[in-house]
Amino acid sequence: VTPYFIAVPPATTLAVGDNSPPPSTMSIDKLLPALLECFGIILCGYIAGRTNIITPTQAKGLGNFVSKFALPALLFKNMVLLDFGDVIWPFLWSILVAKVCVFFIVCVLTLIVASPDSRFSKAGLFSIFATQSNDFALGYPIVEALYQSTYPEYLQYIYLVAPVSLMLLNPIGFAFCEFQKWKNQGSHQQSKLRIVGFVLLQVLKNPIVFMVVFGISAHFVLHGTIPAFMAEFVDGLANSFGGAALFYLGLSMVGQLRKLTRSTVVTLILLITAKLLLMPLLCKDMVDLLDNNNTSSMNHSSLSDYAFLYGVFPTAPSVAIYAIYYNTELEVVTSGMVISTFLSAPIMYVSAWLLTIHWMDPQLLMRSLQTVSFDISIVSLVALLWTIPVMFLSKKFKRLPHMLTVNLFLAQLSSCIGMILWNFVVKEDNFISQIFTFALLSTSLYSAFIWPGLIALSIVLMKKYDDLNGSPGQCESGCESTDCLLAQMEELQPPPDRQVARHVLLCLLLTVFLLANFSSCLWLICNHTPGRLHLELQFFSAIAIYGQGFISFALFGLDKHFILLPLKRLYHRCFGKKKEEQPQTDLPDDIKMTCTQFTKYHKQQCFHDIVKKRRCGMKTMADCFLGCELVDWLQQVGLAQDRGEALLYGTRLQQGGVLLHIKQEYSFEDIPDEIRRLNYVISDLPQSLAAKPPISG
């Protein structure tokens, strides 16, 4: 008896006389280094943007270089050198048909369920999101690592497939967005013919489309070779694309997940499912159906696998530019781009590894599944042994919905213990131990799938109860001030201790895991020889079932008020006083210049515009302002071009003593959802920038 609740398919039968497995069509050994290289560079870009080493304004310059110089040069070079004789055209038609199917499905469903005031713009943008892949920056290095030594001609398909979306599907999506703008105007100043002309102009202005057309024309004029006098120049620009594009991708991810709200989670999950699950399956199926004339069965199989991997490529960052231009669903698109990029890495690696398996002994497959489940159970067990005490020590287990969440964590802990025990008792000839362990594992796993439903029900009931009794509109401290900052924040936010958004996200993720497990069982019932894709689903189900504890730790293990804030206070107590005791006469020149400029030319106006007297209870905060208010003000008066530069400007003011946190515990931050971090006062800065304590005023 196996405790996985996922079925193991029988081994693929080999032909008579075949004593060795067929050769692999991809080099899997080079995939992991390629993934580490790509996502390592992306992480460097994210860190550079997150720490404001490179501001958003500066990142735009890098983005312009990548899109307007490096990428066109790369496309021109490969279009000129392209060998059309090696192209298998049914493969391109298969990818086109798959993209059209996904585009049509997403578009129709969005038109059905979306509200009339934004129906067409959402349909166009979501359809582009589900079909436009990050082919060049992230896709090409992966394909190069897998097929450079086996099928090097596969690399050129990237340059032929990418324009399919840009020239055929994207214009349809743009037309929907433009039609929504025309419909919302009311006066209908623009004619439909002008809308069509504008869409065609946008397509022709795209550097990718223009350079593909120009490169194909140059291919026939130059007879497939680049002249020697311009070869080095083109190579220099083309070779600079890879690292720069990945670094810019990391920069573009900074701050995007902050825009994610509870109302967009369901839409985001559906779009990512369409992009990372529906697209690869359709690509593979279309190649199997349309590429029937391929004489080589191995080449046909490799093209089918290649189509599946191509479908897993994440959404391109340019879709976020479209969302900004049309001012539509920016939070969904940007968050989806980030999440799909990082989800694609494990999916591509596991898919490529499983696609190289042409035959496998059932016992070996069973041991592999059990090893994966055992390893992930240990990681999940450690995470839960941290998370459960946090819930008890913070006393959140006494109130809803955390009372039910603790029971979910205990069920997950029991399932991990049961899986670890099963790894040992299955090797022993002890029937009683096996029955006991299997009963523990079965009960805990089914309980772990029941508790999320009870949590979701409790959230709905609490929401209805709050609506009936009316909304925490007065300050809990008991003050009667009309300008109470705490009361204003409490009116805008739900009760902080309930953590509704985290519970909703937990329930959605566990629901996806349950559906994956159910799909695996249903797939085997309908098809007794499901193949390698079902094998991939089995491994995903095993990781999802026994890795629930890691999700719980990520959402609830690092409690802000019980873990993070006390650690930060301890850090400031240990190291903050030492910094305050140091004289400020040795401040860098840029900090001195910023402080002098602000106090001489802008301090009075800033004080007049944003500083207010705020009161809470018996304590009065004179001349306070929020960090986000100063960030907005610095952009309005032109002292900063974006929020990143404004954050650096405010940090320099605090380092120079111009700004002072009310509790002297936190650095300058631009986070509008935490009162204790954002109250600052403007001090009377001494002319000499000496170590004199700032005076509120």
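Residues numbered from 1 in each chain as written. Predicted model: local features only at pLDDT ≥ 70, side-chain atom pairs only at ≥ 80, totals over all residues. Heavy atoms only, no water.

The protein chain goes by G protein-coupled receptor 155a in an unreviewed UniProt entry, where it is assigned to Nothobranchius furzeri. In its Subcellular location (unreviewed entry) section, UniProt records this for the protein chain: "Membrane". (UniProt positions renumbered as here; feature names shortened; annotations may be inferred.)

A. Here's a closer look at helix H24 (residues 627-636). Considered for burial, the residues of H24 that qualify are Gly627, Cys628, Leu630, Val631, Trp633 and Leu634. Looking one or two residues beyond H24, the residue adopting positive phi is Gly638, at roughly 90°. (Buried < 20%, exposed > 50% of the residue type's maximum accessible area, 1.4 Å probe, protein only. Helix = DSSP H or I, 4+ residues; strand = E, 2+ residues; numbered from the N terminus.)

B. Seen up close, the packing of helix H2 (residues 56-81) against helix H9 (residues 228-239). Packing of H2 against H9 leaves a shortest axis separation of 7 Å and a crossing angle of 125°. In terms of orientation, H2 lies oblique with respect to H9. H9 is crossed by H2, and the crossing has left-handed handedness. Between H2 and H9, the contacting residues are Phe65, Phe69, Ala70, Ala73, Leu74, Phe76 and Lys77 on the first element and Met230, Val234, Asp235, Leu237, Ala238 and Asn239 on the second. Residue composition of the contact of H2 with H9, by class: ten nonpolar, one polar and two charged. (Axes fitted to C-alpha atoms, helices over the stretch in contact; angles between N-to-C directions. Parallel < 35°, antiparallel > 145°, perpendicular 65-115°, else oblique. Left-handed = near helix turned anticlockwise from the far one by under 90°. Contact = heavy atoms within 4.5 Å. Nonpolar A, V, L, I, M, F, W, Y, C, P; charged D, E, K, R; others polar.)

C. Up close: unusual backbone geometry. That bond from Leu400 to Pro401 is cis: its omega, -5°, falls within 30 degrees of zero. Mapped onto the elements of the fold, Pro401 is located in the loop between helix H15 (362-393) and helix H16 (402-425).

D. The state of the cysteines, seen in detail. As enumerated under the stated definition, the model contains zero disulfides in all. Here Cys107 stays free of any disulfide, with the sulfur of Cys177 as its closest cysteine sulfur at 10.0 Å. Overall, the relative accessible area of 7% leaves Cys107 in the buried class. (Disulfide = S-S within 2.5 Å.)

E. Structural context of the packing of aromatic side chains. Enumeration over the complete set of coordinates arrives at 23 aromatic pairs. Ring geometry for Phe91 and Tyr157: centres 5.0 Å apart, planes at 55°, overall tilted. Residue Phe91 is found in helix H3 (residues 89-113), and its partner Tyr157 is found in helix H6 (residues 157-185); the two are separated by 66 residues along the sequence. The burial state of Phe91 is the same as that of Tyr157; both residues are buried. Seen from their ring centres, Phe174 and Tyr322 are 5.0 Å apart, and the 80° between their planes marks the pair as edge-to-face. Placement of the pair is Phe174 in helix H6 and Tyr322 in helix H13 (residues 318-326), with a sequence separation of 148 residues. The residues Phe174 and Tyr322 share a single accessibility class, namely buried. Every member of this aromatic cluster is reached through a ring pair, and the members are Phe91, Tyr147, Tyr151, Tyr154, Tyr157 and Tyr306. (Phe/Tyr/Trp six-rings, centres within 6.5 Å; stacked < 30°, edge-to-face > 60°.)

F. Representation of a nonpolar patch on the surface. Side chains of Phe104, Ile105, Val108, Leu109, Ile112 and Val113 sit close together on the surface and give an oily, nonpolar patch of about 590 Å² of accessible area. Along the chain, Phe104 falls in helix H3. (Patch = residues over 30% accessible without salt bridge, like charges linked within 9 Å, V, L, I, M, F, W, Y side chains within 5 Å. Areas by Shrake-Rupley, 256 points an atom, 1.4 Å probe, with all protein chains shown as cover. Salt bridge = Lys/Arg side-chain N within 4 Å of Asp/Glu carboxyl O.)

G. Fine view of the confidence of the model for the protein chain. Here the protein chain averages 76 in pLDDT, and 76% of its residues register 70 or above. The low-confidence segment residues 473-477, where pLDDT is below 50, has twelve contacts with residues more than four positions distant or belonging to other chains. This model gives residues 579-583 a pLDDT under 50, and the stretch forms four contacts once residues within four places in sequence are excluded. (pLDDT = per-residue confidence, 0-100.)

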